Structures are given as structure tokens and as C-alpha cells.
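Fold and geometry: a report
Each chain is listed here by its residues.
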Amino acid sequence: MIPLSWYLALSAVLFTIGVVGVIIKRNVISMFMCIELMLNAVNLTFVAFSSYFGDVTGQLFVFIVMTVAAAEAAVGLGIVIAIFRNRESLDVDDASVLRL
Amino acid sequence: MTNHLLSIVVFAPLAGALINWLVGRRTRNETLIGFVACGAVAVSALAAFTIAFTGWGGAALTGDAATPVMSHLWTWIQVGSFRADFGFAMDRLSGIYACFVTFVGLLIHVFATGYMHGDKGFYRFFAYLNLFMFMMLTLVLADNLLLMFVGWEGVGLCSYLLIGYYTDRKEAGDAAKKAFVVNRIGDWGVVLGIMLVFFLTSHAGAPSISFFDKTAATVGGGDGVKSALATIGAMPIEAFGWQMIFAGGITSAAVLLFIGATGKSAQIPLYVWLPDAMAGPTPVSALIHAATMVTAGVYMVVRCSAIFSHAPTALFIVAIIGAATAIFAASVGIAQNDIKKVLAYSTVSQLGYMFLACGVGAFVAAIFHVMTHAFFKALLFLGSGSVIHGMHHEQDMRRMGGLRKYMPVTFAAMTVGWLAISGFPLLSGFFSKDEILWKTWSTESVGTAGVGKFLWVVGIVTAVITAIYMTRLMVMTFWGGERFRETRAGGEADEAHAHAYDAGTKPHDASLPSAGDRPRHEPGGSVGAPGHDAAAGPHALEDEDEEEEHHGPVEPRESPSTMTVPLVVLAFLSVVGGWVGIPYALSGGAVPNYFERTLEPVVARAPEAGAANAQGESALQRGAGASAQPPAAHGNEGAVPQSVGEGEAGGVPASEHAPDPAEISRERLFTIISVVVALVGIGVGWLWFQRKPLYEMPRLLENKYYVDEIYDAALVEPIKTGSREGLWRFFDVGVIDGIVNGMGRGMREIGSLLRFLQPGFVRSYAAIILIGALAVVGYFAYFAYNAVLVINR
Amino acid sequence: MNLSFAIPLSAPDVNFRLLLPELILSVTGVVVMLVDAFTGRSQRRATATLSLAGLAATAWATLWLWPSAQGADTRAWGGMIVLDPMRLSFTLVFLIVAALTVLISAIWVEWEGLPAGEFHTLLLFATVGMMLMASGNDLVMIFLGLEILSIATYVMAGFRKNDLRSNESSLKYFILGSFSSAFLLYGIALVYGATAHEVSAQPQASGALAQHVILAGTTNISAIAERVNDGLYPPLLFAGAAMLMIGFGFKIASAPFHVWTPDVYEGAPTPVTAFMAAGPKAAGFAAFMRVFLLAFPFVAASGQMRSTGAQLHDAWLGALWILAVLTMTVGNVVALVQTNVKRMLAYSSIAHAGYALVGFVAAGAADSAHQTDAVAAVVFYLLAYAVMNLGAFAVVTLIARSGDRRTDIEDYRGIGFDSPALSLTLSLFLLSLLGVPLTAGFMGKVMVFSQALGEGYKWLVVIGVLNTAISVYYYLGLIVVMFFRERTTEWRAPRIPTTLAVVLVLTVAGVIYLGLFPGRVINAFRAVQPIAVSSLR
């Protein structure tokens, strides 16, 4: 059987890829997908623990997280549409009116 | 005992402020506003005197048992063992303060009704002034440290409002802000000091920040409160040494409290706000920046004398700072040309004297000087206000001269003040200053015993300089040629402006040079009848007629009686005010030293070198306890009170012992020295400035040793720049963007595919969060590593 | 690996009584949404009134629950929701914030011609989220509450759809908010894994069948506290706690996770900024304190001084100390150079989070008897901050006018005597934020700092007091601008609408009441201590 630590390492790597992606991607949609990647890395952690323990609660949390992620996606895309209408650009670096 | 009249003392001015703000704002009737304001203070004064002197009120000052009169309103905070009440108490110390604050305050209110006559913001001025009285009385009569701090902050706020009263003048706003900021810098010391006192008393098992012992009956249930001062007074005296300042003990608490005092009472290094505060109206300068608020620091030090007397290091610091401030400010004062600036530096210098007295353990002498100073300095300020008023708001002494012909009453009154502050024999300032100098010379306090002689020299030199600069002020103002007729030093523009302004053709413009303290009349608008009340006397009506053409003539003229009557009363007090505290050596016991006898039971005595009961390895020793007789060598130490802590009726006051004849003769010798010094100072000043009234003073002095500039360059600018360039850039954009940028450039240079790596703000923020996150995770990882080590062992 | 999904059905242990406040407010939210959907745009007042009524009913339910906070029956939903004074006092703060926000936003919604019903619905749901964050006794419940709150606030921040600043504020908040939620969630996952332990033969509350189960992790706060010392993977526990701290640190805007605050606060519509600075911040504190104080307490293992629990306690307390110092200092120092009022108040809100963190540190170090006092002090601080902050933002809203046009400090030049009511109340709030005696802000600082001093954190208090000294400069700067500077542009004093007048009267009264008579409030907040570790099962 594949040891638990491998799963954990994989999810940590996925999480890190997500984090780096948020920092280096300029396109809002890409950033958004990187955040989803972070959440799914966490889901993998949950599932790995759950499966390894034989405890079902971890898998239930995954459903909750997916629901939340879906709600976030809906709101996020709404915001993206609003900003695209006003600016006609999906580059986050254009969104820098607010600074001092 | 309990007497709820105390609440009236405190709240009457608040009521006056509210009425003037709500009603006065609508009616704008100066008579009504003046009456309400003065009436409120009069009620307060009446109540204060009743409590202080009558048996019915509780005889806080004159009673045999030195128990405070209390009034508990409600329990303000109670969290765990931390408790602060909303309650007032008048013991002998706060009694003296309450009496002179209300009385001098009343006189200045009356004066102000004349001085501010015709000002657009008449109601606002008196509302602020009454609010100030409320806060000052809260400060003085509070029965615990936290409520005292309420008053402490409150007077600061009112001072801020009143300095910035002329809102159309930029320098007023700046001065107000400076005063507030500088005071807040000192205030953190007070806050921390209060907390440390609580901390110390908690460790002693009686957590408290109260000044007095309060029974369950007084506070309305519970266990009652033990006095924090008594608790600390029962602790051993701390050793003398610099390390004690940071030891977190009594010395630290005392030093922290003193930091607050340097802010409020304008001592080095936080004195810079007081001279600028002269941008406020002159009655404000008299009330707040001379007579009352600025002495709050002295009040606090004396109130906490139990704390300070257990901290010889702190006493040493107090004495050194006081002496340094005294001589420094006096030397600056000699070179100022603005009449109010001279008086401002004089105030700073005199406050230095008071702290010098505290530092050498002569707390009673300090309060004595506070009181006499309140009389003669209020007199001098009001006198200068009268001069400024009569001169059509000219403050530059170089454009005065020969005024004694035109303003005889003001001249006579100011002469009294001049002689009193210079230490002319038998006037009030003479007794208090002489007492401070003598106590400085003869100090036996652990902290200052070694440097007493040196401090005395500083004090004497200061006394000479004081006499010189006050003589210079008088000579430049009242004697010599009538320079106001000449047009020089930019005076033409200013005078022309003043005429146009007076004639109602030109609105007041603050930007012109030497814009004095000038009430804002609405040009052409009619002003209400000048305020007057009973104190103004029967001449008030005549003055009214004169007021109408007030700004017509060029000649300087005497002020109305609402202004001169308070001057006369204050002049009288400046003469006789010192007679309540004539030292034994001078009177030979014929006149008891009432002042000392009254205060003695409520202040602590400083630890003395040479007494019994050694403490620790240092030569530090503790003064003989309340019951023991002072050693014979200190038989003269009548002014150093015997009991520690509040509310104890100490033993027989030492002043009633016949002191050692040798000491008496030495004290008499020093009195003679003081007299000579005063006369020499006056003589030198007279001879010099009579001949050359416009003598150019050294630029270094005239520019106040460039302290303001140094502060700006050394503190204000770096903080601003640091904030602008440092932290903000670092945390918000600079560094992170730089890194992201730099990474991007590096990537581009190696022809990476990541060419879209550009600086971007959201992404910079994410990067900052990531860096923070890595730091937190790293921090936790260190502990995790430790935990794993422990488990594996 | 045998996993059984055949979970026997059993009646869930819901205990509706304890959920009453949340239920009432959720139902109100749905009703407001429906009313808005079916009655058209003219119903601004109706939805506002309904929202206020719902909030009042919730407040009533909260007060009704107050006496039973000390009783035995303090658990709902199988231990996912608790009833304790900490929850109730925080709930009350949230309700006050929400009600005042409804009142402040009334005029703004009218000016901008925005869909009021939607705004009120979002506000109510956000409030439900905050309440769940305060009442959740399970990391997953707290996460859900946080997401309900966050998603609603993302939308609220971008509520002025056609304004670029509002869009941008919303976008930044959304990206960074989800970014940090992911950290929080990762922390939950790690804690879940790290607290795994062998389960005996009894069936678990989660319902898994016993005979196949070897191990089980937990996200229940009380259960975590019991397993801190003997979890299977201690390093994961530390990593999880660190991740949780990052997530909560973002929500309360503590440095260095504060970076989003100025931009988001400046760009969001002013009433929303007022809400965000007061409500979600307090909710963040509620969850942060509950998780760290109750899940990671100081637990000494038998025979070992430096047990895992003690190490973990040391770790988070030390980190929190640093966060508190950084947050206070960064907030105050950077506020000095701001030229926009909203941005200045944003940095001020960061600084205030730092002061509240001082109390949190004290609570962390205190034993359970003193912990109640310290927690109460923090809640009192947040209540005081909420009141004065909402008051200040109410004035800012009115002066800014529609479209948030006038929010620069320059716009406040010399308005002092043309609009005395507004400028004097704003000055009062600024003085309270500064901590001048007799105001709520002063009392809050006294409470928080005295608690920290009581636990021996001298230097933390010294730094805190020094920071308040710095803050004089910018608060006073605004007052000086209002009263001592000549106006350069034309300015008409705005008429104060009734709803805003009500807000101003309430907040002024609140600031003075909390400053003069804090006794009753603080005593109510510290009625009993939060549910102790040992009281679970």
C-alpha cells in the first residue's frame, strides 16, 4: 500500500503550485483556478487521512469544501464579469487604481 | 467624611459650559454668557471654600484630623482586582489646589469678559474655559489615579481647544497640535506609571490605584479600598542607582509618572509646547499656561510623594531636570521680545523651581511656590493682557515703552508682580523662592544630598536672571521713550492694518507680521453689551460707553474695570499670599507657618542620608518613622513632613519644635543672600535696559538655543520620512514589488517562458501574505522540532 | 481497507433552542430576499424595516439564551455549536454592527439607486456567518461560517457595480480572501490528521461503525484540546496551527496579513467599509480566540514539563505576541502618511486589531479564571471599537456623498464650523479611537492593557501605549484640518437624514456610556468562563 506520507507530500506540492500560481499569474481566471487547485490539494489531504484512518468524516468534509468552492466560483465569476464590463481586461495588474 | 458638595465644586463649571454651549450659542448675549460662566466658577469657588474652611463642609483644610472629605459617585470600573471609582476627595493638598484654582479662575473669568468683549466666539470661549475648570477640578479632586488621569487628559484637551481658539490663524492651530502631541508623549508615562502602581500594590496584596483608604461605607458596599500610596509607603525604600530606573519597581513608577509631569508642566525635554501655546488668548495663557494646568505635574508629584520619597533615584532626576529647566528657560526668557513669550519662559523657569523643590524632598515648599506663583504669574499675564489690549493687540515690547503714563493701574499692578517674582523682600515670591533655595542648600535627601550645594548655585543664578529679565520687561514696556509712536521694525504695516481693522474697513488677517492676540470683531457689526458682573464694580456702566469708541484713538489707554479689578485683587494676593508660610527662622515663631502645618500630614518625607535604619548595601537609609523624633541634626527640617501616606494625622508638626539656633542663623544668612541677589538682579536689569532698552540679545538665546529646529530635524522629520519611505514602502509596495520585479527581470534575462511576470499589486499582496505565512510556519516548525525532540528522548 | 458507508440512521442531536438566534436571522434573510424578489425596487424601506425587526428578534433570542449559558445544556448539533458567554457577547456585537450598518446604508442605497433588498439580504447572511463563527465548536463549522461571511462580503464590497474602485476592491478581497481561506482549510485538514488516535469499540458521534475503525481524527475543538498531547503526528499539529493562524490573521487584518485592508476598505462603498472594519474583524477574533484558547491550551503532560501541548502553547503565544506588536506598529505608523480618510481609518483599524491582540495574548497566557476576564476585555474592546468606528464611518458616508466622491482629508478642510454637529461627533469618535478618557476607546484600552499587565506582559503594554502616542498625530490631524484650516473649495453642509441622525445619536451615546459606565457590560460579558476543556463528554 502507498504510505500516507506520499499522499501528504503530493497534496503539499499541489498546494504550493497553487500558491505560486496565484502569485505569478496575471489573468484573473488563471489565478482563480490556482485557488481552486489549493482547495483541491486540501481535499486530497482530507481524503488521504480519511482513507488511511478508515474514518468517514474526512470525506464528508470534502463535500462541504466542494460546496463552498462552488459558491466561491459563482461569486468570483460574477466579480470577474463586473470588472470585465468596466475595464475590458482580465489582467489583475490593471486593477491598481487603489494604492498610495 | 462624606460631603456631596464636592460634586458641586466639580460639576458647576461643567453645567456652565453646557449652558453656554447650548443657550449662549443661540442668544450671543455677552452679558448672559459672562454671567453664566463667572457664576458657575463662583459657585464652584464658594463650595470649595465651604468644604475647605467651614466645619459644616468638613473643614478639609482647617480641621484637626487630616482626614479627607470624600464623595463617592459610582464604581467606574471593576474588572478582577482592578478597580477605579468615580469619586472625589478633598484633603489638605487638593483643598489648597481647589481653593486657588477656583479663586484665581474666577478672577481670570471676570478679566476675560472684558478682554474678549466683542469677539465672535464669545460663547465658545467661555464654554471651553468652563470646561477647562471642570477638568482641572476633576484632576485635583479625583480620589484615584485613573480619574486623575481623566482630568489630566481633559485639561490637555481644553488647552488644545483654547490655544487653537483663533481658528483663522495657522500658528494657533499648529501650536495647539504641538501642545497636544507633546503632552501625549508625556502621557504614556502616566498611563504606564499608573499601571505599574497597580502592579506593585497587587504584589503587595492590596491591589489599588486609590489615593485614600476608603471604607465599605464610603464606596457603597464591597470590601472598601486600601490606599495605594499607603501600601507603597509601607514598602522599603529603593536603593539609589541608575539601574533602578528600569527595575520595574517604585523608582520606575516614579520616573514614568515624572515623564508625564515633564509634558504637562513643560520641563526639559518636553517644554517646547508652552512658549508656542501663547498663540491662545491672554486670559487662557494666564489661567491654563501659568496658574493652574501647568502646575498639574507638580500636583501629581506631591500627591504621589509617598512613591517619590521611596525612589531616591527618581527624586534626583526630578531635582536635576527642575534645576536645568529653571536656568535654561530663564536664559532664553531674557532674549525674547514678545511680552508673552518672556512670561512663558518665565513660567517654564518657575516650574523648574517647583520641581527642584520636589526633588530635594521639599514638597511643601513646592506647593507653596505653586500657590504664590499662581498669584503673581496670573497677575503678570493679565497685566500683559491689559497692555496688549491697550496697545491694540501689539505684543512686541520693542514697540511699547513709556506706558506707565497711559495705564497707571496696570502699571502699578504689574510692578507688584514684577517685584514678587524677582523675590523682593516680604512679597509672596520672596518667601516661597527663599524657602526652596534654603531647602536645596540644606537638603539631606539621599538622592540630592551630594549635589545640593551645586543646585543651590544654579537656583541663585536663575534668581538673578529672573530679576534681570523681569526688569527688562518692565523697563521696555513702561519706561523709556514711547516707541509705539515710531514706525520701525515693520510696525508701519502692522499699525496701518490695525487702524483699518479697527475702523471696520478691513477684516482681520492673521498673516501679517506680529499679529497679536486679537479678539475677532466682526467689522462693522454691532457687538453686544460688554459683560460685567458684580466683581466689575460700579464703573462697569461707564466703561460701556467708552467701549464703543474703543478702537478709535491711537493712544494706548487703560483697560476697563472688568480687567483692572482682577489685577488689583491679584496684586493684593501677590503681596500678602506669602504671609501664610513665613519660615520659623524669619518670624522667630511670632507668626506660625500655617502653610507648612496644614500640608505636613499629607505629604511624605524624602529619605535622608545619615539617619538610622540602613537599607541594603548602599548608603541608602530610611527616614525615621512617623513616631520617631527626627535626629537633632535635622531639627530644622520642619518642612519635611513626618508621615508617609495619606490620611494619617501625623505627630506633632516639627515646625513647632524650636529649631537649632545655628541652623536658624544660617537660614537667615541665606535669606539675606536671596535678598541681595534679587536686588542685584533688579539693579543690573534697570541700569542696563534703562539705557539700552532695545539691546540686541545674543542670537543663540533669541532663537531659544534652536531647540525647536533640533527637534524637527532629529525627531519629527525622521519619523515622517521613516513612515513614508520605510515601513510603508516595505510593507505595502516597495520591497515586495522590487522582488517581484527583480524576479521578473531575472527571468526575462534568461529568456524564460514566464515573461508575463510583471509587477502587480494583488500579486504583491499575495506574495507578502506568503512571506508572512512562511515566517509563521517556520516559527511553529522550530517549536515542533523541539516537541519531537522531547518525545523522542 | 474496509470502509463502510452503511451508517445507521439515528435521530440527530440538534437542540434547536440553542440555534434560535441563527435560525431567526437566516429565516429573516430568506424572507427579505423573497420580499425583494416579489415586490420590486420600491421596497427599500420595507426590507430595511424587516431586517431591523429580524435583528431585534435575534437580539432578543440572544438575551433570552444568556441566563442558560451557565447551565448544563450548552451543546447543539452533536457538539458543533456551543452556548457560552463568549458566543453570546460576540453575537451581540455582530447584531449591533449589522443594525447600525442597515441604518447607515439607508441613505447611501437611496443616493446610488442600488437594489436595497439584495444588500440587506447579503448583510443578514453575512451576519449569520459571523454568528456561526462565534458559536461553532468545530473547525468545519467555523470554516463554513467564515465562508458564508466572506462570500457575502465579497459581493458587498463590489456592490457599486459600475465603479472601478468598487470592482477592484471586490476583486482584491475575493482573490486574497480565498487565498487565505485555503490556508485556513489546509490547517483544518492538518489538525484533523494530526489529532488521529485509536478509537475503542464504541460507535462515534459521527456514526462510523466501530469494528472496522482503527483511527479517527477530529475537528471538534474540545476534542482537539484533549488530544493535543497524544496525537499521532505532532509536527502536523504544529503545521496545522500555523496555517490556522495565517487564515485567522488574514481575517482580523493583522500584520503582515493586513495588506489587503487599505485597498479593500478604500474601494468598498463606505457603509460596507464600516461593516467590514467592525463586524468581520470581530468575527475573526471570535473564531481565532475560540480555536486557539480552547483547542490549543496549555496542557502539561504528566512527568514532562515540555509536553507537545506546552510547546504548541508557547509557539502560538509567541507568534501572537509578535503579530500584536507588528500589527499595532504597522497600523499606526503607516496611518501617519495617509491622505484619504477611509484609508487612514483602514490603517487605524489594523492598529486597533493590534490592541485587541494584546488582550488576546493576555487571555492566552492566563489561567482559566483570569481567561474569562481577558476574553471579556477583548470583546469589550471590539464592541467599543465597533461603536466608535461605525459612528466615524457614518459621518464619512454623509460627507462623501454619492459615489464616495469626497473622502480625501483635504475634503474635510474647515468644515468644522459650517457643520458643527457632524464635525463635533466625528471629533468625538476620533478622540475615542485615540483613547481619550471618558470615552469607550479609553476604557477598552484600559481593560485590555491592564489584563496584559496582569499577565506580566510589560513590554507589550509599553509598546501598545507608545503606539497610542503615535496615533495622536493622525487622529488629531483630521480634527485640526476640520477646525483650523481655511476651506478652499465650495462646500455645502449636508442635511443629516433621519436614519443617520439615529445612528449618530446611538453611537455617541454608546461611546459615552461605555466610557462612563462600563461595569454592567463587562460584567455581562464575563458572566462565566467559556466551556472548559474537561466538560466535554
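1. Quick notes on the overall build of chain A
Of regular secondary structure, chain A possesses three helices and zero strands. When its helices and strands are written in sequence order, chain A yields α-α-α. Expected size for 100 residues packed as a compact globule is a radius of gyration near 13 Å; at 17 Å, chain A overshoots this value by more than 25%. For chain A, buried positions account for 43% of its 100 residues. Within chain A, residue pairs in contact and separated by at least 24 positions form 47% of the contacts whose partners lie at least 6 positions apart.

2. Description of the overall build of chain B
Along its length, chain B carries 29 helices and two strands. For chain B, buried positions account for 61% of its 793 residues. In chain B, the proportion of contacts linking residues at least 24 apart, taken out of those at least 6 apart, comes to 76%.

3. Observations regarding the interface of chain A and chain C
Taken together, the contact pairs 35 residues of chain A with 43 residues of chain C. Looking at the side of chain A that touches chain C, the elements that each hand over two or more residues are helix 1 (4-24), helix 2 (28-53) and helix 3 (57-87) of chain A. Broken down by class, the residue content of the side of chain A that touches chain C amounts to 24 nonpolar, seven polar and four charged.

4. Description of unusual backbone geometry
The step from I268 of chain B to P269 of chain B runs through a cis peptide bond, and the omega angle for that step is 5 degrees. Tracing the backbone shows P269 of chain B in the loop between helix 9 (250-264) and helix 10 (273-276). In this structure, P256 of chain C follows A255 of chain C across a cis peptide bond, with omega equal to 0 degrees. If you trace the backbone, P256 of chain C turns up in the loop between helix 8 (234-251) and helix 9 (260-267). The residue W77 of chain C is not glycine, and still its phi comes out positive at about 55 degrees. By the element assignment, W77 of chain C lies in the loop between strand 1 (75-76) and strand 2 (81-82).

5. Digging into helix 9 of chain B
Residues that lie three or four places apart on an α-helix share one face, since the helix turns once every 3.6 residues. Residues and elements named next belong to chain B. End to end, helix 9 covers 21 Å across 15 residues, agreeing with the expected 21 Å (1.5 Å per residue, within 8%). Of all the 15 residues making up helix 9, 15 are buried; the element is thus mostly covered by neighbouring parts of the structure. Among the residues trailing helix 9, A266 stands out with phi positive, at a value near 55 degrees.

6. Some points on helix 17 (residues 498-516) of chain C
Residues and elements named next belong to chain C. End to end, helix 17 covers 27 Å across 19 residues, agreeing with the expected 27 Å (1.5 Å per residue, within 8%). Here helix 17 has its buried residues at L500, V503, L504, T507, G510, V511, L514 and G515. Buried positions in helix 17, seen along its axis, are confined to an arc of 135 degrees and lie on one side of it. Set apart from the buried face of helix 17 by more than 90 degrees, the exposed residues are T498, V505 and A509. Taken together, the buried residues of helix 17 touch helix 3 (85-112), helix 13 (368-400), helix 14 (420-434), helix 15 (440-454) and helix 18 (518-525).

7. Observations regarding the nonpolar core
Core analysis: the largest hydrophobic core is formed by 520 residues, its most contacted members being A378 of chain B together with V361 and V378 of chain C. With 24 residues, helix 13 of chain C is the largest single contributor of residues to this core.

8. Thoughts on the confidence of the model for chain B
Residues shown with low pLDDT carry predicted positions that ought not to be read at fine detail. All names here are of chain B. Looking at chain B, the pLDDT average stands at 75 and 75% of residues meet or exceed 70. Model confidence for chain B, summarised as mean pLDDT per element, is weakest for helix 21 (residues 540-548) at 38 and strongest for helix 12 (residues 296-303) at 92. In this model, residues 610-656 is a region of pLDDT below 50 whose contacts with residues beyond four sequence positions or in other chains number 122 contacts. Per-residue pLDDT stays below 50 along residues 746-760; that stretch engages in 19 contacts with residues further than four places along the chain or on separate chains.

9. Some points on the interface of chain B and chain C
Opposite the 51 residues of chain B that make contact, chain C presents 61 residues. In terms of residues, the side of chain B that touches chain C owes the most to one element, helix 29 (residues 761-792) of chain B, which gives 20 residues. Looking at the side of chain B that touches chain C residue by residue, the classes come out as 35 nonpolar, eleven polar and five charged.

10. Quick word on the environment of L320 of chain C
Residue and element names in this part refer to chain C. Inspection of the secondary structure puts L320 in helix 11 (residues 308-335). Spatially, the C-alpha atoms of L320 and V14 are 35 Å apart, while their sequence positions differ by 306 residues. Dropping the residues within four chain positions of it, L320 is found in contact with L357, F360, V361 and G364.

11. Considering the pairing of strand 2 (residues 82-90) of chain B
In terms of burial, strand 2 of chain B is largely enclosed, as nine of its nine residues are buried. Neither face of strand 2 of chain B is left uncovered, since the one carrying F82, A84, F86, F88 and M90 of chain B and the one carrying R83, D85, G87 and A89 of chain B both have all their residues buried.

12. Some remarks on the packing of helix 3 (residues 92-115) of chain B against helix 16 (residues 363-390) of chain B
Residue and element names in this part refer to chain B. Close contact between helix 3 and helix 16 brings their axes to 11 Å; oriented N to C, the two are set at 5 degrees. Judged by the inter-axis angle, helix 3 sits roughly parallel to helix 16. The segment helix 3 lies against helix 16, with L93, I96, F100, V104, I108, F111 and Y115 engaging I367, M371, A374, A378, L382, G385 and H389. Its residues assigned to classes, the contact of helix 3 with helix 16 comprises twelve nonpolar, two polar and no charged.

13. Observations regarding the environment of L567 of chain B
Residue and element names in this part refer to chain B. Residue placement: L567 occurs in helix 22 (residues 561-576). Considering only alpha carbons, one finds L567 and K214, 353 residues apart in sequence, at a separation of 41 Å. Every residue in contact with L567, bar those within four places of it in the chain, is listed here: L379, L382, G383, S386, V409, T410 and A413.

14. Remarks on the packing of helix 19 (residues 452-478) of chain B against helix 25 (residues 661-691) of chain B
Each pair of packed helices can be summarised by the angle the axes make with each other and by the distance between the axes. Residues and elements named next belong to chain B. Orientation of helix 19 relative to helix 25, taken along the N-to-C sense of each, is 35 degrees, at an axis distance of 7 Å. Here helix 19 and helix 25 pass one another in a crossing that is right-handed. On the side of helix 19, the interface is formed by I460, A463, V464, T466, A467, I468, T471, R472, V475 and M476, while helix 25 contributes S674, V677, A678, V680, G681, I682, V684, G685, W686, F689 and Q690. Of the residues assigned to the contact of helix 19 with helix 25, the class counts are 14 nonpolar, six polar and one charged.

15. A word on the environment of L39 of chain A
Inspection of the secondary structure puts L39 of chain A in helix 2. For L39 of chain A, a count of 22 C-beta atoms within 10 Å puts it in the buried group.

Reading guide: rules and limits
Residues numbered from 1 in each chain as written. Chains lettered and ligands numbered in written order. Predicted model: local features only at pLDDT ≥ 70, side-chain atom pairs only at ≥ 80, totals over all residues. Helix = DSSP H or I, 4+ residues; strand = E, 2+ residues; numbered from the N terminus. Rg over C-alpha atoms; globule rule 2.2 N^0.38 Å. Buried ≥ 20, exposed ≤ 12 C-beta atoms within 10 Å, placed from the backbone. Contact = placed C-beta atoms within 7 Å. Nonpolar A, V, L, I, M, F, W, Y, C, P; charged D, E, K, R; others polar. Expected span 1.5 Å × (residues − 1). Arc of directions from axis to C-beta. Core = buried A, V, L, I, M, F, W, Y, C linked by C-beta atoms within 7 Å. pLDDT = per-residue confidence, 0-100. Axes fitted to C-alpha atoms, helices over the stretch in contact; angles between N-to-C directions. Parallel < 35°, antiparallel > 145°, perpendicular 65-115°, else oblique. Left-handed = near helix turned anticlockwise from the far one by under 90°.

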